[in-house]
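# Descriptive structure summary
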Amino acid sequence: MILNCGEALIDMVAGQTRDDQAAFVPHSGGAVMNTAVALGRLGVPSGFFAGLSSDFFGTQLKAHLQKSHVSYDLCPISDAATTLAFVQLANGQAKYAFFDENTALRGLSQNDIPDLPDEVDALFFGGISLAYGACAETYETMLMNAAETHVTMIDPNIRPSFVRDETAFRARIERMVSASDIVKLSDEDLEWLSSAGDIATNARALLAKGTKLVLITQGSDGATAYHNDYEVFVPTVPVDLSDSDTIGAGDTFNAGVLASLHEAGLLKKGAIAQLSKEDAENVVAYGMKAARITVSRKGANPPWKSEL
C-alpha cells in the first residue's frame, strides 16, 4: 500500500446556475487526496492519512475516497470544520483562496501518528498541509520516522501566499526533501526553493543532499527526471484547455509515477537508488499520460486504469 499523507479539502469551483447567476460548486479535492484517489483508480493499493471532519463536507470527502478504493481507516475524525478552497479559473489555470483556520486538517497532531501497517510500502507527502502548524510538524515527523525503512516521496506543491514563516518552512522542506527517495517539484517550485541557477543545476543540488530521484515538471513543455547517473526529458502532448483545466494535473502525475514504480516492482529503496534511465523515462511518461487525461476534463478527476 502507498499511504498518502496530506490535505483533503473542498474545492469550491466558480460556475454559473441555469439562470446565469454566479455560483460555487463543491468538488472533493486537496493535492494529496487527489494523488490517493488517482492511485486507487489506477489499481494500486492506496491509503490516506489526514485529519477529517465529521461535517457534511467531511462526509463528502470520505465517500469520494471510498468510491475510488482508498482506505481512510487511519484518519482521525473530529468536529472541526473541513478546509475550503475557493477556485477561480482563467485560461484553464486555477487561482485559490483558502479558508483553513481551526480546521480538521490543521488540528492533526503528533498524537495522531499511527503505527504503520505491515502492508505499507511507501509514503507520499505534500501540499498545503506542510505550510505551517502542528500538522506540518506531524507530517515531518512521520516522514523522518519512515524514511529508513520505507520509500518516501514528497511534492511540496508550494503556495508562497500560504506560508506564514518562510524561514521555518524552507528549513522543514529542505529536511523532508533531503530525507526523501523521490522529490517532485514544478519548475516554479524549484525556482522558489533554490538560489540562482538553471533547472538542471538546482535539481542536481537536491540529489547532492541525498535524494535519489528528482522529477521536475515544466507545464506544457514536459518533465525531466534527474538521477545521479543521468537525466531524461519527456515532452508533453498538447491538450486543448478551452473546456477543461489543470486542476489535479500534478497530483495525478505523482500518482502515475508511483503506480508505474509499483507495477514494475521498483517501489523499493534500493531499486530507486539504482533506477535505470529507461525505467525513469517510463515512469515519467506514465505519470504524464495519466495527468493528460486529468487536464482533458474539468476539475481534479483522475483517470481509471482502463482509460490508460
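Preceding this paragraph is the structure being described.
Calculation criteria
- Residues numbered from 1 in each chain as written.
- Predicted model: local features only at pLDDT ≥ 70, side-chain atom pairs only at ≥ 80, totals over all residues.
- Heavy atoms only, no water.
- Axes fitted to C-alpha atoms, helices over the stretch in contact; angles between N-to-C directions.
- Helix = DSSP H or I, 4+ residues; strand = E, 2+ residues; numbered from the N terminus.
- Parallel < 35°, antiparallel > 145°, perpendicular 65-115°, else oblique.
- Contact = heavy atoms within 4.5 Å.
- Nonpolar A, V, L, I, M, F, W, Y, C, P; charged D, E, K, R; others polar.
- Pairing = 2+ DSSP bridges.
- Buried < 20%, exposed > 50% of the residue type's maximum accessible area, 1.4 Å probe, protein only.
- Disulfide = S-S within 2.5 Å.
- Left-handed = near helix turned anticlockwise from the far one by under 90°.
- Polar contact = N/O pair within 3.5 Å; in protein donor to acceptor, adjacent residues only side chain to side chain.
- Arc of directions from axis to C-beta.

## Thoughts on the packing of helix 1 (residues 31-41) against helix 2 (residues 56-67)
Packing of helix 1 against helix 2 brings their axes to within 9 Å, and their N-to-C directions diverge by 30°. As judged from the angle between their axes, helix 1 and helix 2 are roughly parallel. The segment helix 1 lies against helix 2, with M33, V37 and R41 engaging L61, H64 and L65. Looking at the contact of helix 1 with helix 2, its residues break down into four nonpolar, one polar and one charged.

## Observations regarding the sheet that holds strand 13 (residues 213-217)
Spatially, 6-4-1-10-11-12-13-14-15 is the arrangement adopted by the nine strands of the open sheet, whose pairing is mixed. In this open sheet, the two edge strands, each paired with only one partner strand, are strand 6 (70-71) and strand 15 (230-235). Its contacts with the sheet put helix 1 on strand 1 (2-5), strand 4 (46-49), strand 6 and strand 10 (122-126), and the angle it makes with strand 4 is roughly 160°. Against the sheet, helix 3 (residues 133-146) touches strand 1, strand 4, strand 10 and strand 11 (151-155), its axis set at about 150° to strand 10.

## Considerations on the environment of S296
For S296, the position within the fold is in the segment after helix 9 (277-295). As for S296 and A249, which are separated by 47 residues in sequence, their C-alpha atoms are 9.7 Å apart.

## Some details on the pairing of strand 13
Of all the five residues making up strand 13, five are buried; the element is thus mostly covered by neighbouring parts of the structure. Covered by surrounding structure in strand 13 are L213, L215 and T217 together with V214 and I216, the residues of both alternating faces. In terms of strand pairing, strand 13 meets strand 14 (residues 222-227) through five bridges, oriented antiparallel. For I216, the partnering residue across the bridge sits in strand 14 and is T224. Joining the antiparallel neighbours strand 13 and strand 14 is a turn of four residues, in which G219 adopts a positive phi near 60°.

## Description of the state of the cysteines
If you walk through the whole model with that rule in mind, you get zero disulfides. Lacking any disulfide linkage, C75 is separated from the closest cysteine sulfur, that of C5, by 9.1 Å.

## Focus: the packing of helix 7 (residues 249-263) against helix 9
Look at helix 7 against helix 9: their axes get within 7 Å of each other, and the N-to-C directions meet at 140°. As summarised for this structure, helix 7 and helix 9 are arranged oblique, according to the angle between their axes. The hand of the helix 7/helix 9 crossing is right-handed. Residues A249, T252, F253, G256, V257, A259, S260 and L261 of helix 7 lie in contact with helix 9, whose contacting residues are N282, V283, V284, Y286, G287, M288, A290, A291, T294 and V295.

## Quick word on unusual backbone geometry
When glycine is set aside, most residues are seen to have a negative phi, and most peptide bonds are trans. Within the chain, D20 stands out as a residue other than glycine whose phi angle is a positive 65°. With respect to the secondary-structure elements, D20 resides in the loop between strand 2 (9-16) and strand 3 (22-29).

## Some details on the side chain of T224
Mapping T224 onto the fold places it in strand 14. Here T224 falls in the buried class, since its relative accessible area comes to 6%. Within polar-contact distance, the side chain of T224 engages the side chain of Q218 at 3.2 Å. The contact partners of T224, leaving out residues within four places of it in the chain, are V214, L215, I216, Q218, E231, V232 and F233.

## Concerning helix 6 (residues 199-208)
Looking only at helix 6, the buried set comprises N202, A203, L206 and L207. Taken down its axis, helix 6 places every buried residue within 155° of arc, on the same side. Once helix 6 finishes, G210 follows within two positions and takes phi at roughly 130°, a positive value.

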